[in-house]
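# Chains, contacts and geometry: an overview
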Amino acid sequence: MPFTRRSFALQNGEESLPMVVTLIEKDHIYYLNIFEDNSPAILVTNQTDVPFIIAQTSASENSKVSNTTPEYNGRHFEWYQQVPAYSKCYYTPPELYTSFPDVESTTCNITLALYNENATKKTLKWSKPIRTDRTWEKFLYIPNHGDVKVIVCDKHRVTRIFVYYIAELEFSVKDLRSRLLAPQILPETESPSSSLLSISPSTAIHHPVTMSNTPAKCRHFSSECNTKFQMKVRCFIKALIVSLHADGKAADCVKSEIVSLYADDTLVAFDDNDDDKELHLLLPNLQLDNQNYVCGQYDFPVVLCAQESYERKSIMPPVHYLDRTYQNLRNRPLMAHFKIGFFEDEMMLHSIVCSFSPMRIYIEDSYLNYWLDAVVDCTPSNCAYRTEQPISRITLASGEFLLPRVVVGQATCIAEPLQIRQFQIDPLDVLLSVHTSIRLYIALDHSPLSFSTYNRQYILTVPLRFGQSLSMHYLSGAIFGAGWVVGSLEILGSPSGLARSFTTGLRDFVSMPVEGLFRGPWGFIVGVTQGSASLLRNVTAGTLNSVSKLAASVARNLDRLTLDQEHIERTEALRRCRPHGFTEGLAQGVTGLGISILGAVGGLARHTLEARTPVEVMTGVGKGLVGAVTKPLSGAAELLALTGQGVLHTVGFNTMPELRVACHCENIPTEPSAYRIWKLLPGTLKSDQILFNCEVTLVTQEQMRRGYALLTTSVFALMELENYSLICVSPIDKVEMTSDAADKTLYYIHLMKDKEGADEQDYTNQRIITYIHSSTSLKNVSTAAAGSLSDLMQNHEQEMQASRRKQTDWSFYISEALGTHIIRYLRVMNRNW
C-alpha cells in the first residue's frame, strides 16, 4: 500500500514532543495515523535568550549556505522548524522522511538562522553548515546575532546539539581579529524588529545561563573527572545443544529429533566502560546436524559445519582466568563472532558486526521442506491452545471508525522503523553442496562461493526492506559465482572440484620442497617426497571423485526415467548406505546391479499384470520396456560410483562430516517423567518442590535396569522404570551419597543411622591412621618402613571401600557431572537442616 511519512515536533514550554504522522492509501481511502516518534534524528538545546530556526542544507562544511530545505515548501509560503529560547526541540531533516524507507544515510548538514517574524526567504541569513556525523565543538557565527558556541555529540541514539553563549573565559577568533583591527559599525537592517535582535560580537559574551532540567554541557565535553561505573561480564559455556523435536500425531506421538545445533567453547562477554558498551558472542565451533539422517531418507548427515575440523578438549578454563580466555579466543580463528554495540545512555542497538570463518553448507530440498514444516508447527500460534471466543458485534460510538488491521500493522511498522548506526558482515567463503530432485536429480559438489563485505551505515528503514537489501547482496554474489556453480554440477563430473584437486597437488609439489630447503638437505628430500605424494594423491583422487560423482548423478537420473517408484525408493535406500572401503563398495555395487537386472526382468511382467484396462496394459508394457533398458544401466553406473566412493573413503579424500550424536526417538505415552514419579509419592510430600530429576541406571542383584532419581526439598527417591515401583524414599538428612574410587560414574546410596554403637576396633584403626598421617612423614623413614606404611594405608582404603559397599543400600550409574551435582545438593540441604 502506498504511504507517506512525516516527522515534526510539538513544543510544550521548554520541552519538545517528537511526533510522526503516516498517510496510507487503501481502496481509495486515506488513513491518517499519528504516533510518538521513537527515532528522531536531532535534539537541539538552545541555551540562549533568542530563538533560532533550523534547516537542512546540502552545502559542505565551511562553505556559504545558498539553499536550504524547508519543512514545507508551498506556493505561497515556506515553513521552518523553530527552536525557542531556553528550550529543547526535536528536529528530523526532511531528507530522512521524503526518501523513506530508502534512506541512504541518516546524517546531513544543518544550518541556523536568527528567528524574525517579518523575515522573508531573501532576508534570512544562514550560518555556515553544522556537521552531525561526528562529535565536535566550535564557535559559530550566526548573522544578525553574533558568535555562539555549538557542541555536537553523536554518541547518543538521538544526535544532540547544544547552543550556548560564549563564556567569559572563552573568546572568538573573529572577535579578537575585529578588536585588533579597526572595528566597523554593523549596518542597520531594514526591519526594526531585526535590529532589536541584532547583537554585536562584543556583546555576545554572557555568563552561562542554563535551563532548570537540562545539564549545562554534554558529559562527553565535561572537564570534571567523573569516573563511570565499569562492568565486565564473562560467561563460558563448554557445550551448548539446541534441538528441535517433533511429536505430532502424524508420527504416532513418537518424539524424534529433527535438527540439532551444537556449539563448543562458547563465550559471551559484555563490557561497559567509558568509551564502549559492547556484547561479544564468540563461537569457536558450530555444527548443525540432520538428526533424521539415520532413518535412511536423506543424503547429508550435517547441514552446517566449519571447513576445518575443530579439536574439542575436555579442559575447563578456570573461573578467575575467563578474561584471559576471552582474549585468547579473540586472537584465534572463530566459526562465528558477533559484536553488538549499544549506546552509552540506553540499551539500544548501535552497531552489529558479524564475522564467520570458511564453512560448508549441505542443502537437500526434501529435508529442508520437512524442517520448515516442523518450524511452522512450533510457531507460538500453534503451540498455545485457545478456546473459541464467541463472535460479538463491535459497537462504535458516534464519530468512531474501525481501522483495518492491515492499515494499523503497516502504520505501526512505518512509525517504528529499524534504526542502526552500522551493520556489517565480513567476507564469507562457503563450500556449497546441494541435492535437489524435483523433476531431475541435480547436485552440486562443494561449489566454492565467495561473498564480499556487506556494510551499511546509518540505517533507517523497515525490516522488510532491510532483509531485501541483505538478500540481494548475497544473491548477486551467488550470481557472480555462477561459473563455479555450473562447474560443480555432478552431472558434468564436477570439473571445478577436479581443478581444485589439481591446484592443491601442484601447490604442495612446489611449496613443500621449498619449505624443506630451509631446513637442510634432508628436509629438501622429505619435502620432495611429500610434495610428490600429495600431487599423486590429489590428481588420482580428484579424477576418481569426478568420475564417481558423474556416475552417481547418471544413475539417479536413470532411476527416475524408469517411472517405478518402488525401484527408486529401494535404490535410494541402498545408495545412502555409504561404503567404508573398496571391498564394501564393490560388494554393494554388485548387489545393486543384480537387483537392477532382476527388477528389469520382473518389471516386464509385473507392470503388465497390474493393469486393469487396455490403456493401463499399454502403459505397463511401456514402463516394463523402459525399465528393461534403464535399470541395468543405472545399476552399472551405481557400481562404478560406489566402488569409487569406497576407494575415496579408504584414502580419506572428500569425506563427509559425521553426526555428533545419533538421533534418539522416544515414545511419549510410555516414556517416564518426573510427574509420574511425583504422583507416586505420599500425599504429604506432593507439595514439595522438585529440585532435581534424572534418568539413571540402577544396579539391582548384579543386573542393570533403568531407573529414575528424584530429589525434592524433603526426600530423595529412586524408582524402577520397568514397573514404576518406588525402591527408595528417604529424608535427605538420612541420605549419604558417595562415588566409587575406580569408576566415577558409579554412586552408592547409604542410609545413615545413629552412631551410639560404634565398633571399638574401627575406632582404634582410625586413630592409628590419623596418628600416621599427622606425626610421620614418608620422607623421614626408611624405604622398608615407608613401604609398610604405604601398604597399611592402602589396605585401610580398600577395607573402607569394601565396608562402604557392604553398607550400601542402593547403587546406580549416572554421569560424573550430574552425580557431583546431587552430592553438592545434599550437602547444602543437610547444612540448612
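From a predicted model like this one, the values you see are computed outputs, not experimental measurements.

### What about the overall build of the protein chain?
Scanning the protein chain for helices and strands turns up 18 helices and 34 strands. Classification of the 833 residues of the protein chain by burial places 39% in the buried group. When contacts within the protein chain are restricted to residue pairs at least 6 apart in sequence, those whose partners lie at least 24 apart make up 65%.

### Concerning the sheet that holds strand β4 (residues 42–46)
Read across the open sheet, the five strands follow the order β10-β4-β14-β13-β12; overall the sheet is mixed. Both edges of this open sheet fall to β10 (87–91) and β12 (136–142), since each of them pairs with a single strand only. When strand polarity is set aside, the average angle formed by the axes of neighbouring strands in this sheet is 25 degrees. Note that β4 and strand β14 (residues 159–164) share five bridges and pair parallel.

### A closer look at the pattern of salt bridges
All told, the structure shown has 14 salt bridges when counted by the stated rule. Among the salt bridges present, the one from R556 reaches D299, with a minimum N-O distance of 2.9 Å. Here D299 lies in the loop between β18 (285–290) and β19 (302–306) and R556 lies in helix α11 (residues 521–561), a separation of 257 residues in the sequence. By the burial criterion, R556 is buried, and D299 matches it. Ionic pairing is found between K549 and D445, a salt bridge with its closest N-O pair at 3.9 Å. Taken together, the residues K549 in helix α11 and D445 in strand β25 (residues 442–451) connect sequence positions 104 residues apart. For the pair K549 and D445, a shared accessibility class is recorded, and that class is buried. Three or more residues joined by partner-sharing salt bridges are found here, namely R234, D271 and D323.

### Here we look at the sheet that holds strand β3 (residues 29–36)
If you walk across this open sheet you meet the three strands as β1-β2-β3, and the pairing is antiparallel. Strands at the two margins of the open sheet, each flanked by one partner only, are β1 (3–12) and β3. Here the average twist between neighbouring strands, direction ignored, is 20 degrees. Strands β1, β2 (15–26) and β3 of the sheet are contacted by helix α7 (residues 405–415), whose axis makes an angle of about 140 degrees with β2.

### Some points on the pairing of β4
Most of β4 sits inside the fold, with five of its five residues counted as buried. Side chains I42, V44 and N46 project from β4 onto one buried face, and the interleaved L43 and T45 project onto a second face that is buried too. Where β4 lies against β10, five bridges are found, and the strand directions are antiparallel. Bridge pairing in β10 places N46 opposite S87.

### Remarks on α11
The terminal C-alpha atoms of α11 lie 60 Å apart, and with 41 residues this matches the ideal 60 Å at 1.5 Å per residue to within 8%. The first or second residue beyond α11 is L563, which carries a positive phi of 60 degrees.

### What to know about the packing of aromatic side chains
Centre-to-centre distance and the angle between the planes together describe a pair of aromatic rings. Inspection of the entire model under this criterion finds 11 aromatic pairs. Each member of the aromatic cluster is reached from another via a ring pair, and the members are Y298, Y367 and W371. Its end group placed over the ring of F100, R5 keeps NZ or CZ at 4.8 Å from the ring centre. Note that R234 overlies the ring of Y326, its terminal NZ or CZ placed 4.5 Å from the centroid.

### Quick word on unusual backbone geometry
In this model, Y86 sits at a positive phi of 50 degrees, which is unusual for a non-glycine residue. Positionally, Y86 belongs in the loop between β9 (81–83) and β10. Located in the positive-phi region is D265, a residue other than glycine, with phi close to 55 degrees. Take D265: its relative accessible area is 10%, and that puts it in the buried class.

### Some remarks on the confidence of the model for the protein chain
Chain-level statistics for the protein chain give a pLDDT mean of 77 and a share of 80% at 70 or above. No element of the protein chain has a lower mean pLDDT than helix α3 (residues 192–197), which averages 32, and none a higher one than strand β20 (residues 336–342), which averages 92. Counted against residues more than four places away or in other chains, residues 755–761, with its pLDDT under 50, gives zero contacts. Under a pLDDT of 50 for its full length, residues 776–789 has, in the predicted model, seven contacts with residues more than four places off or in other chains.

### Observations concerning a nonpolar patch on the surface
Among the surface-exposed residues, V486, I491, L492, L550 and V554 lie close enough to one another that they form a single nonpolar patch of about 380 Å² accessible area. Locating V554 in the fold gives a position in helix α11. Among the residues examined, V554 registers a relative accessible area of 31% and is labelled partly exposed.

### Section: the pairing of strand β13 (residues 146–153)
Within β13, eight of the eight residues are buried, which leaves the element mostly enclosed by the surrounding structure. Note: β12 against β13, seven bridges, orientation antiparallel. When the bridges of β13 are listed, I142 appears paired with G146. Where β13 meets β14, five bridges bridge the pair, whose relative direction is antiparallel. Bridging from a neighbouring strand, K149 pairs with Y164 of β14. Linkage of β13 to β14, two consecutive antiparallel strands, is achieved through a turn of five residues.

### Details of the environment of V319
By secondary structure assignment, the location of V319 is in the loop between β19 and α4 (322–330). Take V319: its relative accessible area is 66%, and that puts it in the exposed class.

### Digging into the side chain of T159
Mapped onto the elements of the fold, T159 is located in strand β14. Among the residues examined, T159 registers a relative accessible area of 8% and is labelled buried. What T159 contacts, discounting residues up to four positions off in sequence, is A41, I42, L43, T132, V152, C153, D154 and R421.

### Section: the side chain of D265
Residue position: D265 is located in strand β16 (residues 254–272). Among the polar contacts listed, one links the side chain of D265 to the side chain of Y310, at a separation of 2.5 Å. Not counting the four nearest positions on each side in its chain, D265 is found in contact with F236, I237, K238, L282, P284, Y310 and L329.

### Digging into the environment of W136
Tracing the sequence through the fold places W136 in strand β12. The class of W136 is buried, set by a relative accessible area of 8%. The spatial distance from the C-alpha of W136 to the C-alpha of D154 is 9.0 Å, given a sequence separation of 18 residues. Within polar-contact distance, the side chain of W136 engages the backbone oxygen of R131 at 3.0 Å.

What counts and what doesn't
Residues numbered from 1 in each chain as written. Predicted model: local features only at pLDDT ≥ 70, side-chain atom pairs only at ≥ 80, totals over all residues. Heavy atoms only, no water. Helix = DSSP H or I, 4+ residues; strand = E, 2+ residues; numbered from the N terminus. Buried < 20%, exposed > 50% of the residue type's maximum accessible area, 1.4 Å probe, protein only. Contact = heavy atoms within 4.5 Å. Pairing = 2+ DSSP bridges. Axes fitted to C-alpha atoms, helices over the stretch in contact; angles between N-to-C directions. Salt bridge = Lys/Arg side-chain N within 4 Å of Asp/Glu carboxyl O. Expected span 1.5 Å × (residues − 1). Phe/Tyr/Trp six-rings, centres within 6.5 Å; stacked < 30°, edge-to-face > 60°. Lys NZ or Arg CZ within 6 Å of the ring centre and 35° of its normal. pLDDT = per-residue confidence, 0-100. Patch = residues over 30% accessible without salt bridge, like charges linked within 9 Å, V, L, I, M, F, W, Y side chains within 5 Å. Areas by Shrake-Rupley, 256 points an atom, 1.4 Å probe, with all protein chains shown as cover. Polar contact = N/O pair within 3.5 Å; in protein donor to acceptor, adjacent residues only side chain to side chain.

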